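# Survey of secondary and tertiary structure
Here is what each chain is made of, one letter per residue.
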Amino acid sequence: MDAKGRVLDKYNARVYKNRKEHVLVKATGDQPQVIAANTRVIPGIMTHRGCCYAGCKGVVLAPIKDVAVITHGPIGCGFYSWGTRRNKARPGEDGKNFVEYCLSTDMQEADIVFGGEKKLRQAIKETVEIFDPGMIMVCSTCPVGLIGDDIHAIAAEAEELYNRPVMAFSCEGYKGVSQSGGHHIANNGLIKRVLGTGSGTRIKHAINILGEYNIGGDGWEIGRILKKCGYHVVSVMTGDGSYKEMQEAHTAELNIVQCHRSINYIAEMLKTKFGTDWIKVNFVGAESTAQSLRDMALYFGDQELIDRTEEVIAEEMEEVAADMEYYRTRLKGKTAALYVGGSRAHHYQLLLQDFGIDTILAGYEFAHRDDYEGRDLTAEIKEDADSKNIESITVSPDPEKYHLRLTPEQFEELKTKIPLDTYPGMIRDMKDGAVIVDDLNHFETEEFLKLLKPDIFFSGIKDKYVAQKGGTLSRQLHSYDYSGPYAGFKGAVNFGRDVTMGIYTPAWGFVTPPWKHTPTLVGTYGGDF
């Protein structure tokens, strides 16, 4: 029995029937492999997923530096979405940067019983008086949806009172099946009220960076490389991003998408509304970065840009070549497992390949089937009841700002050469025999680590320490364990350094978990039966 069978065999029949659809072993064949994803977690199973609110506020909106984002809910929700992600941001020209603040209405029991609208009005008033932000966003958590506070009415009232845009997002944690629903809600709000509302005109070689959240400074390193090639970055959505810059998003000639899951909605809506094409890129890994830069240059078809891109790649590769080769000699032949959200479980496999590390297990926290199998099957995906909790909006071409850069013939020709308006998914790049798991839970994490014995497990804070106390080195790819950047050419060297230090300092392998020699729970029977 293979590892998949041995793990799933421990479930009862009902759970087995569900989970076997979420786990597969990569096998190349005539028929595409199908995996279940974006479905509700089985009650009682300890999932590592986040909630709808975490996806909306914590992932997409929080990194916008010139917007004051208020959490309407208990303080724990606000702190969780603020203190666990290392979104870096530099103050803009006005000297303001609200990313470093945790703004919350701190709802207490009395507010939940009698309503929290009064408290929200006060929080908005104090935010204006203390910070004077150009824009305010309000994100609701579970209690707000349950008691019925009308955050949209309060936002409209505050907008008129304080003469600045105030947006409300009904992103209660229980909506949808994971944080993916929150991404969708945030995307809808941004396209309605922010993106393309400026008055600028299109700029040559101008781009928007979508789905880059500047964890550990990744976005800054990506921006450095792109500007060196000759691109003008209009806006970043949303790491170190600015709503004022996002208002000019329609002036870009191309959108590049880093994290497919969290922002593909915006990529599609910008295409429909303004005619701006998008391509899937990956700036994680030296080889992947080089390929993405070549794809971008090919889209523009400017020979000067193409030549400059090759010069930049050569310069950057030469600078990191010695370090990359050193770390490759130390890491070649090692194995890794990844369980990360967004596109990171896919991107980092390619960076690991740069160092000769094989990925033997990979999975996503909140992916949809197209993140695994590719966008070609989007039309086949059936919307379930949980997904219908999330508003699905449509946009139409802007009569003044819509512009197609390519003719239909040029578009179809280019699509055969670069990932234009598409994403092939993670499964395609995995080796035969590798295990692919959607919504890897706590039990499966421990069991697969015991059976597959990877040298390193890349995950998040919720499962990092369980793995390490079991003797397996773990590194966070949600916040980089206070390191980074890991993107681009120089980021690849940082990553190789950190992984090498971890593997060759095997402290956790010498630790005996207390549960191996001392019972963690002791119980006695009482009463008559």
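Because the structure is predicted, anything quoted here is derived from the model rather than measured.

Our next topic: the side chain of asparagine 494. As for its placement among the helices and strands, asparagine 494 is situated in helix 20 (residues 488-503). Setting aside residues no more than four positions away along its own chain, asparagine 494 makes contact with Gly484, Pro485 and Tyr486.

The strand order across the open sheet formed by four strands is 3-2-4-5, and the pairing between neighbours is parallel. Of all strands in the sheet, those bounded by a partner on one side alone are strand 3 (103-104) and strand 5 (166-169). Bridge count between strand 2 (residues 67-72) and strand 3: two bridges; the pairing is parallel. When the bridges of strand 3 are listed, isoleucine 70 appears paired with leucine 103. Of the strands in this sheet, strand 2, strand 4 (135-140) and strand 5 are in contact with helix 8 (residues 151-162), which crosses strand 5 at around 175 degrees. The sheet contacts of helix 9 (residues 180-193) involve strand 4 and strand 5, and relative to strand 5 the element is tilted by about 155 degrees.

Together, Ile112, Leu146, Ile147 and Tyr174 give the surface a local cluster of nonpolar side chains, amounting to about 360 Å² of exposed area. Along the polypeptide, leucine 146 turns up in helix 7 (residues 142-147). You can call leucine 146 exposed: its relative accessible area is 66%.

On to the environment of valine 34, then. Within the element layout of this structure, valine 34 appears in the loop between strand 1 (23-25) and helix 3 (52-61). Given a relative accessible area of 54%, valine 34 falls into the exposed group. Spatially, the C-alpha atom of valine 34 lies 36 Å from that of tyrosine 327, the residues being 293 residues apart in sequence. Once you skip the residues sitting within four places of it in the chain, valine 34 turns out to touch Leu24, Arg369 and Glu373.

Attention now goes to the layout of surface pockets. Roughly 940 Å³ of internal volume is contained in the largest pocket. If you go around the largest pocket, you meet 33 residues; those closest to its centre are His184, Arg261, Tyr265, His368 and Glu383. Counting residues per element, the lining of the largest pocket draws most heavily on helix 12 (residues 260-274), which supplies six residues. Looking at the lining of the largest pocket residue by residue, the classes come out as eight nonpolar, 15 polar and 10 charged. Taken as a whole, the second largest pocket encloses approximately 500 Å³ of empty space. When residues in the lining of the second largest pocket are grouped by element, the largest group, four residues, is from helix 13 (residues 286-300). For the lining of the second largest pocket, a count of residues per class yields six nonpolar, eight polar and seven charged.

The rules behind the values
Residue indices follow the written sequence of each chain, beginning from 1 at its first position. The model is predicted, so local features are restricted to residues of pLDDT at least 70 and side-chain atom pairs to those at 80 or more, both for listing and for counting; the totals for chains, interfaces and linings are taken over all residues. To obtain the side-chain values, all non-hydrogen atoms of the structure were included, while hydrogens and water were left out. To qualify as a helix, a DSSP run of H or I must reach at least 4 residues; to qualify as a strand, a run of E must reach at least 2; elements of each kind are numbered from the N terminus. Should any heavy atoms of two residues lie within 4.5 Å, those residues are counted as being in contact. Strand pairing is defined by DSSP finding a minimum of two bridges between the two strands. Orientation is described by lines fitted to C-alpha atoms, with helices fitted over the stretch in contact, and by angles between N-to-C directions that extend from 0 to 180 degrees. Each patch is built from salt-bridge-free residues with over 30% relative accessible area, joining like charges within 9 Å and nonpolar side chains (Val, Leu, Ile, Met, Phe, Trp, Tyr) within 5 Å. Note on areas: Shrake-Rupley with a 1.4 Å probe; residue coverage comes only from the protein chains shown. When a carboxyl oxygen of Asp or Glu lies within 4 Å of a side-chain nitrogen of Lys or Arg, that pair is called a salt bridge. Working definition: with a 1.4 Å probe on protein chains only, accessible area under 20% of the residue-type maximum means buried, over 50% means exposed, and in between means partly exposed. A cavity, in this analysis, means grid points on a 1 Å lattice covering only the protein atoms where a 1.4 Å probe fits yet has no way out; a pocket is instead an open set bounded by protein on both sides within 12 Å along at least five of seven lines, and a residue lines either one if it has an atom within 4 Å of a point. Grid points are joined across faces, edges and corners, and a volume is the space filled by probe spheres set on the points. Classification used: nonpolar for Ala, Val, Leu, Ile, Met, Phe, Trp, Tyr, Cys and Pro, charged for Asp, Glu, Lys and Arg, polar for all others including Gly.

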